[in-house]
Amino acid sequence: MNKKNINLVAIVLVALISGLLLGNLVSKRNIELSNNRLGNLFDFSIKKNNKISEILQLIDNYYVDTVDISNFSEEMAVDLIAKLDPHSVYIPAKDLEIVNNELEGSFSGIGVQFNIQNDTIMIISVISGGPSEKVGLLAGDRIVAVDDSIFTGKTINNEKVMRRLRGQIDTKVKLGIKRPGTEEQLTYTVTRGQIPVTSIDISYMVAPETGLIKVNKFGENTYSEFLVSIAKLKKEGATKFIIDLRENSGGYLDKAIAMINEFLPANQLIVYTEGKANPRFDAKSDGTGSCINNPVVILIDEFSASASEIFAGAIQDNDRGTIIGRRSFGKGLVQQQKTLSDGSAIRLTVAKYYTPSGRCIQKPYKNGSSEDYDMDIYNRFLHGEFYTKDSIRQVDSVEYKTKSGRIVYGGGGIMPDIFIPRDTSEYTPYLNKVINNSYLYQFAFQYTDKNRQALIKHKDWQSLLKYLNNQNLLQEFISYAESKGVKPVHKEITQSGNFMSTRLKAYIARNILGDSGFFPILFNNDETVSRAIKELENQN
């Protein structure tokens, strides 16, 4: 892999890793959200009187000048938790609702998916049956004002948008809308309602007799969504399953246990947890699963963490299926949330979890020092482990054995049974430029905007893909990129053309059909999915 390609991959990785680096405050990748939800397995009891509170009270009562004790408390809370492991986290009260919404079954909002382009909120899709659909908002609308205040410009970001659009159920928000083809600004008043949070991106027949389920997190409703997906795919003829946990950074432990239970015969160890104040707890299968006899493959990558690793580890250690992809993140710590008196919260590591063979897959860390830990994945990339299996440095030399006696290792993530390297064969400096500037995504949105009436005639991804295959998308994109200052380099475009064409079609399909259009088109050229299909075919 040449230096320019390395630079491109590094940029992509830094973008992905940035979510992990924010985990000490509010982790939107859910790395910190692995609460154990097994009843009252972990209960907090604390002493009310302690040195910190005494010091704060003395300062508040007797210090020579007036100081803001609440600010002192916030700073001390952040500093205190930072001295622990990398996954214990303090959550300020102002952030708690947003963080909790990541895994809860619903939140109160207006019911749209949006993206910020050209300093403007673009509505990508309107949730069917939601509050926005009921008042007439449409995909392609631009939100330019909120409650009679202009809401555009370089200062708006995703967090600010969510804070303004979400709110208490039955409260109202007034939106100023610019609609393509309409000169005047439109005004809509939307009454906020409950919006479901889904954790299954897609479930579809990826090959004859093979169903694929992509799980993006383990949230409150994930298990029920999973059961619905299994039933739907079986009705469509699925006898084999691919469970895609790539970039799934975890969630509720009990939801993962319930899902694993669907694949294991009775009395098989799924996972066990143990901590200083918490005796060992074993989770075992009960034999009531719906897929006990169905072949299964689990897909993982370097961003599969926590509950995803529990899932993969249980399947691997019980020799129940095949793990395909790259070494997972390496998070074997369990957090429990405690809400504090001022509405803030801490998620405190209270136990470690172990796979059935006895491995703890937590990678090494030092309390109070998270810099090296946060950069671990980037360092893996620099070392070459995303491209060659031989480059992987096994952290723990202790050998563990699966049920059939295969040797596995802990201490740094789940090693897949079949390694799939990252494909960089299509990376070029031209592709680097259009990715860095988000031109692929921007063009796809503009193309959708201009051709929406023709595109919405297609009700499934197969029909839409057939239509898009007959359009000259790549050439139109090259002209668009040139208008933005990216000069065409024909040799590089030829090398990167398939990559760009696939993503343009997938982005356009997402704008029209959501994830049910996006992933099947993207996965048509996915080496890991193709290898999983082949593995299941060979099990006949």
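Residues numbered from 1 in each chain as written. Predicted model: local features only at pLDDT ≥ 70, side-chain atom pairs only at ≥ 80, totals over all residues. Heavy atoms only, no water.

Colleague: So what's going on with the overall build of the chain? Residues and values would help.
Modeller: For the chain, the helix and strand inventory stands at 18 helices and 21 strands. Relative to a compact globule of 540 residues, whose C-alpha radius of gyration would be 24 Å, the chain shows 25 Å and is just as compact. For the C-alpha atoms alone, the extent of the chain along its principal axes is close to 70 × 65 × 50 Å. Per-residue burial for the chain yields a buried fraction of 53% across its 540 residues. By sequence separation, contacts in the chain at least 24 residues apart represent 71% of the contacts at least 6 residues apart. Counting only carbon and sulfur atoms, one obtains 50% of the accessible surface of the chain, whose full area is about 25200 Å². One finds the centroid of the 64 positive side-chain charges in the chain at a distance of 3 Å from the centroid of its 62 negative side-chain charges. (Helix = DSSP H or I, 4+ residues; strand = E, 2+ residues; numbered from the N terminus. Rg over C-alpha atoms; globule rule 2.2 N^0.38 Å. Buried < 20%, exposed > 50% of the residue type's maximum accessible area, 1.4 Å probe, protein only. Contact = heavy atoms within 4.5 Å. Areas by Shrake-Rupley, 256 points an atom, 1.4 Å probe, with all protein chains shown as cover. Lys, Arg positive; Asp, Glu negative; His and termini not counted. Charge placed at Lys NZ, Arg CZ, Asp CG, Glu CD.)

Colleague: Let's hear about the pattern of salt bridges: which residues, and what values?
Modeller: A pair can form between side chains of opposite charge whenever their charged atoms are brought close. Applying the stated criterion to the full structure yields 25 salt bridges. Residue E159 is joined to R163 by a salt bridge in which the shortest nitrogen-to-oxygen separation is 3.0 Å. With a gap of four residues between them, E159 and R163 both fall in helix α6 (residues 158-165), about one helical turn apart. The closest approach of N and O atoms between R422 and E302, which form a salt bridge, is 2.7 Å. With R422 in the loop between β21 (418-419) and α12 (429-436) and E302 in the loop between β15 (296-300) and α9 (307-317), this residue pair connects regions lying 120 residues apart in the sequence. What emerges from the salt-bridge pattern is a single network uniting R327, K363, D376, R380 and E385. (Salt bridge = Lys/Arg side-chain N within 4 Å of Asp/Glu carboxyl O.)

Colleague: A description of the nonpolar core should follow, citing residues and the corresponding values.
Modeller: Y430, V434, F477 and M500 are the most contacted members of the largest nonpolar core, which has 48 residues in total. With 38 residues, the next largest nonpolar core counts F241, A256, V296 and A307 among its residues. (Core = buried A, V, L, I, M, F, W, Y, C linked by side-chain atoms within 4.5 Å.)

Colleague: Residue-level account of unusual backbone geometry, with values.
Modeller: For residues that are not glycine, phi is negative in most cases, and the peptide bond is trans in most cases. In the Ramachandran plot, D147 falls in the positive-phi region, its phi being about 50 degrees despite a non-glycine side chain. Within the secondary structure layout, D147 lies in the loop between β5 (142-146) and β6 (149-150). By relative accessible area, which is 39% here, D147 ends up partly exposed. Of note in this structure, D170 is not a glycine but carries a positive phi near 75 degrees. Tracing the sequence through the fold places D170 in the loop between α6 and β7 (172-178). Taking relative accessible area as the criterion, D170 reaches 59% and is therefore assigned exposed.

Colleague: How would you sum up helix α11 (residues 376-383)? Please name residues and give values.
Modeller: Every buried residue of α11 is accounted for by I377, Y378, R380 and F381. Along the axis of α11, the buried residues cluster in a sector spanning 155 degrees; they form a single face. Directly after α11, the chain includes G384, whose backbone phi takes a positive value near 95 degrees. (Arc of directions from axis to C-beta.)

Colleague: Lay out the sheet that holds strand β12 (residues 240-244) in plain terms, naming residues and giving numbers.
Modeller: Pairing in this open sheet of six strands is mixed, and the strands run β10-β11-β12-β15-β16-β21 from one edge to the other. Edge positions in the sheet fall to β10 (200-207) and β21, since each of these pairs with one other strand and no more. With four bridges joining them, β15 and strand β16 (residues 322-325) adopt parallel strand pairing. Counted as the bridge partner of I300 is G325 from β16. Where α9 meets the sheet, its contacts fall on β12, β15 and β16, and the angle it forms with β15 comes to roughly 140 degrees. (Pairing = 2+ DSSP bridges. Axes fitted to C-alpha atoms, helices over the stretch in contact; angles between N-to-C directions.)

Colleague: Residues and numbers for the packing of aromatic side chains, please.
Modeller: Overall, the coordinates contain 21 aromatic pairs when judged by the stated rule. Plain terms: the ring middles of F381 and F386 are 6.2 Å apart, the flat faces sit at 40 degrees to each other, and that makes the pair tilted. F386 sits in the buried class, given a relative accessible area of 0%. Within the aromatic cluster, the residues linked to one another by ring pairs are Y439, F443, Y447, F477 and Y480. Positioned above the aromatic ring of F107 is the side chain of R166, whose terminal nitrogen or guanidinium carbon lies 3.8 Å from the ring centre. (Phe/Tyr/Trp six-rings, centres within 6.5 Å; stacked < 30°, edge-to-face > 60°. Lys NZ or Arg CZ within 6 Å of the ring centre and 35° of its normal.)

Colleague: With reference to specific residues and values, describe the packing of helix α13 (residues 439-455) against helix α16 (residues 490-513).
Modeller: Across the interface, α13 lies against α16 with an axial gap of 9 Å and an inter-helix angle of 50 degrees. With respect to their mutual orientation, α13 and α16 come out oblique. Crossing angle aside, the handedness with which α13 passes α16 is right-handed. Listed contacts from α16 to L440, Y441, F443, A444, F445, Y447, T448, R452 and L455 of α13 are M500, L504, Y507, I508, N511 and I512. (Parallel < 35°, antiparallel > 145°, perpendicular 65-115°, else oblique. Left-handed = near helix turned anticlockwise from the far one by under 90°.)

Colleague: For the pairing of strand β14 (residues 278-284), give the residues involved together with the corresponding values.
Modeller: Bridge count between strand β13 (residues 269-275) and β14: five bridges; the pairing is antiparallel. Of the residues in β14, the one forming a bridge with G275 is N278. Here β13 folds back onto β14 in antiparallel fashion, the turn holding two residues.

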